[in-house]
Amino acid sequence: MRLQKLNSANEFLILCEGVLLKNETQNNLILGLADRLVSQPQIGDAKLFYAIFDDSDSVVGGALRTNKDKPISLSQLNNKEINLLVQELKNINPPLEGVVAESNTAEYFSNEFSRVANLTTELLMHQGVYECHALKIPPNNNLVLHRALIQDVETVAGLIMGFIKDALPKEPVSTVRARILAQAHIENGNLFLLKNDKDEFVSMACNNRETKNSGCVSFVYTPKEYRGHGYGSLVTALVSNEVLKKGKRFCNLFTDLSNPTSNKIYNNIGYKKIGESKHFSFL
């Protein structure tokens, strides 16, 4: 068993993509980040890439970090493989914001790294990992899916602010950051708004990142004044359909397990829970 530090996202994908695609939805984040770094190599201020090999010298997983203020993302690893990675990180001593991975992997890494680095940990998010191959699209009731345009940037920024405050309350948010995110997603053409017959935008969702065979739906948000009408279900289904129309084989999304409402609506439109993920921060 060994660990190999890599120099680039391209090298990471050459070595690790095959094994990560065997569980593409669970590994959506690490695959999506690697793809983004290949297409936009200028982003990321503290990149780390590792491939992990078993005793027969076959790649069994990987680890990736983009920025100092972002967690290290891991594929599902066993305890021995995690111990090897923890020892390597202890030796090079990079600042780590936290870890995000499949639940058992994240918990064990969090415990071991915090022990050797003399840190404490905090669970920021416990998420269900969902996958959808066949959508059940609800009736649209005269609602229209609108691909957000640059003139919608202020509206989108406000909705992103609302999403972060509701879904990620421990994550810092500012109007500047929300506007940067809004503009980036609008320019990428992957953010959609649901519009009613009064020409009001009542819900939002985004095809946040893509892997070889899938697209990940995120930023699902309905302002409080429009809730209770099924808009979140509809916009998620319609944006998921946009992913499938692009030729992807399936869609996925991550949802807060402490929110029973969102977990129920995703099941109702065809998503099935296939795993869990945890994000721990180091303090």
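Owing to the predicted nature of the structure, the values given are computational and were not obtained by experimental measurement.

Novice: An account of the pattern of salt bridges is needed here, citing residue identities and associated values.
Specialist: According to the stated counting rule, one finds 11 salt bridges in the structure shown. Ionic pairing is found between R227 and D166, a salt bridge with its closest N-O pair at 2.7 Å. Highlighted residues: R227 in the loop between strand 10 (214-221) and helix 7 (231-245) and D166 in helix 5 (residues 153-167), separated in sequence by 61 residues. On the basis of relative accessible area, R227 is assigned to the partly exposed category, the value being 36%. Under the relative-accessibility criterion, D166 is labelled partly exposed at 42%. D199 is paired through a salt bridge with K195; the nearest N and O atoms lie 3.3 Å apart.

Novice: Can you lay out the nonpolar core for me, pointing to particular residues and giving the numbers?
Specialist: Counting residues in each nonpolar core, the largest one holds 22 residues, and the members touching the most others are L194 and Y271. Sorting the residues of this core by element identifies strand 6 (121-132), strand 8 (191-195), strand 9 (201-210), strand 10, helix 7 and strand 11 (250-256) as the ones contributing at least two each. In terms of residue count, the dominant contributor to this core is helix 7 (seven residues). Ignoring sequence-local partners within four residues, the contact set of Y271 consists of Y130, E131, C132, L135, V217, T236, S240, C251, N252, L253 and Y266.

Novice: Quick one: what's the story with the pairing of strand 6, residue by residue and with numbers?
Specialist: Sheet topology note: the strand 6/strand 12 (residues 272-282) ladder contains 10 bridges and is antiparallel. Paired with H126 across the two strands is K278, which belongs to strand 12. Bridge count between strand 6 and strand 11: six bridges; the pairing is antiparallel. Paired with E131 across the strands is N252, a residue of strand 11.

Novice: So what's going on with helix 5? Residues and values would help.
Specialist: The end-to-end C-alpha distance of helix 5 is 20 Å, a good match for the 21 Å that 15 residues give at a rise of 1.5 Å each. In this structure, the buried side of helix 5 is in contact with helix 6 (175-188), strand 8, strand 9 and strand 10.

Novice: Give a detailed account of the sheet that holds strand 1 (residues 2-5), specifying residues and quantitative values.
Specialist: Judged by pairing direction, the sheet is mixed, and its 12 strands sit side by side in the order 1-2-3-4-5-12-6-11-10-9-8-7 without closing on themselves. Looking at which strands have only one partner, the edges of the open sheet turn out to be strand 1 and strand 7 (144-147). With direction set aside, neighbouring strand axes in the sheet form an average angle of 25°. This element, helix 3 (residues 79-92), spans strand 1, strand 2 (48-53), strand 3 (59-65) and strand 4 (72-74) of the sheet and lies at about 145° to strand 2. Along the sheet face, helix 5 touches strand 6, strand 8, strand 9 and strand 10 and points at about 90° away from the line of strand 10.

Novice: Report on the packing of helix 1 (residues 9-20) against helix 2 (residues 28-39), specifying residues and quantitative values.
Specialist: Contact pair helix 1 / helix 2: the axes reach a minimum separation of 10 Å and the direction vectors enclose 150°. When the interaxial angle is binned, helix 1 and helix 2 end up roughly antiparallel. As helix 1 packs across helix 2, the resulting crossing turns out to be left-handed. Together, A9, N10, F12, L13, E17 and L20 of helix 1 and I30, L31, A34, D35, L37 and V38 of helix 2 make up the contact between the two elements. Among the residues forming the contact of helix 1 with helix 2, the class breakdown is nine nonpolar, one polar and two charged.

Novice: Account for the side chain of E112, naming residues and giving values.
Specialist: Inspection of the secondary structure assignment puts E112 in helix 4 (residues 103-117). In this structure E112 comes out as buried when scored by relative accessible area, which is 16%. E112 has contacts with N83 and V86, leaving out every residue within four places of it along the chain.

Novice: Explain the environment of H185 to me, and be specific about the residues and the numbers.
Specialist: Looking at the element boundaries, H185 is found in helix 6. Measuring from C-alpha to C-alpha, the distance between H185 and L149 comes to 9.7 Å, with 36 residues separating the pair along the chain. In this structure, H185 is in contact with N190, L191, C206, N208 and F219, ignoring residues within four places of it in sequence.

Novice: Please set out unusual backbone geometry residue by residue, giving values where relevant.
Specialist: Among all residues save glycine, negative phi is the norm, and among peptide bonds the norm is trans. Phi at N118 takes a positive value of approximately 60°, unusual for a residue other than glycine. Residue placement: N118 occurs in the loop between helix 4 and strand 6. Within the chain, N141 stands out as a residue other than glycine whose phi angle is a positive 50°. Among the secondary structure elements, N141 is positioned in the loop between strand 6 and strand 7.

Quick notes on the rules
- For every chain, the first residue of its written sequence is number 1, and the numbers climb from 1 along that sequence.
- At least 70 in pLDDT is required for a residue's local features to be given in this predicted model, at least 80 for side-chain atom pairs to be given and counted, and no such filter applies to totals for whole chains, interfaces and linings, which use all residues.
- Where side-chain values are given, they derive from all heavy atoms of the structure, hydrogens and water being excluded.
- The salt bridge criterion pairs a side-chain nitrogen of Lys or Arg with a carboxyl oxygen of Asp or Glu, the two atoms within 4 Å.
- Note on conventions: DSSP H or I runs of at least 4 residues are helices, E runs of at least 2 residues are strands, and numbering of each starts at the N terminus.
- We call a residue buried when its accessible area falls under 20% of the maximum for its residue type, exposed when it is over 50%, and partly exposed in between, using a 1.4 Å probe and counting protein chains only.
- We call a set of buried residues a nonpolar core when its members are Ala, Val, Leu, Ile, Met, Phe, Trp, Tyr or Cys and they connect through side-chain atoms within 4.5 Å of each other.
- In what follows, a contact means two residues having at least one pair of non-hydrogen atoms within 4.5 Å.
- A strand pair is defined by DSSP finding two or more bridges across the two strands.
- Here a helix's expected span is defined as the number of its residues, less one, multiplied by 1.5 Å.
- Simply put, an axis is a line fit to the C-alpha atoms, just over the touching stretch for a helix, and the angle between two N-to-C directions goes from 0 to 180 degrees.
- Note that the term roughly parallel is reserved for angles under 35 degrees, roughly antiparallel for angles over 145, roughly perpendicular for angles of 65 to 115, and oblique for everything else.
- The sense of a crossing depends on the near helix, which, turned anticlockwise from the far helix by less than a right angle, makes the crossing left-handed and, turned clockwise, makes it right-handed.
- Ten residues, namely Ala, Val, Leu, Ile, Met, Phe, Trp, Tyr, Cys and Pro, are considered nonpolar, four, namely Asp, Glu, Lys and Arg, are considered charged, and the remaining ones, Gly among them, are considered polar.

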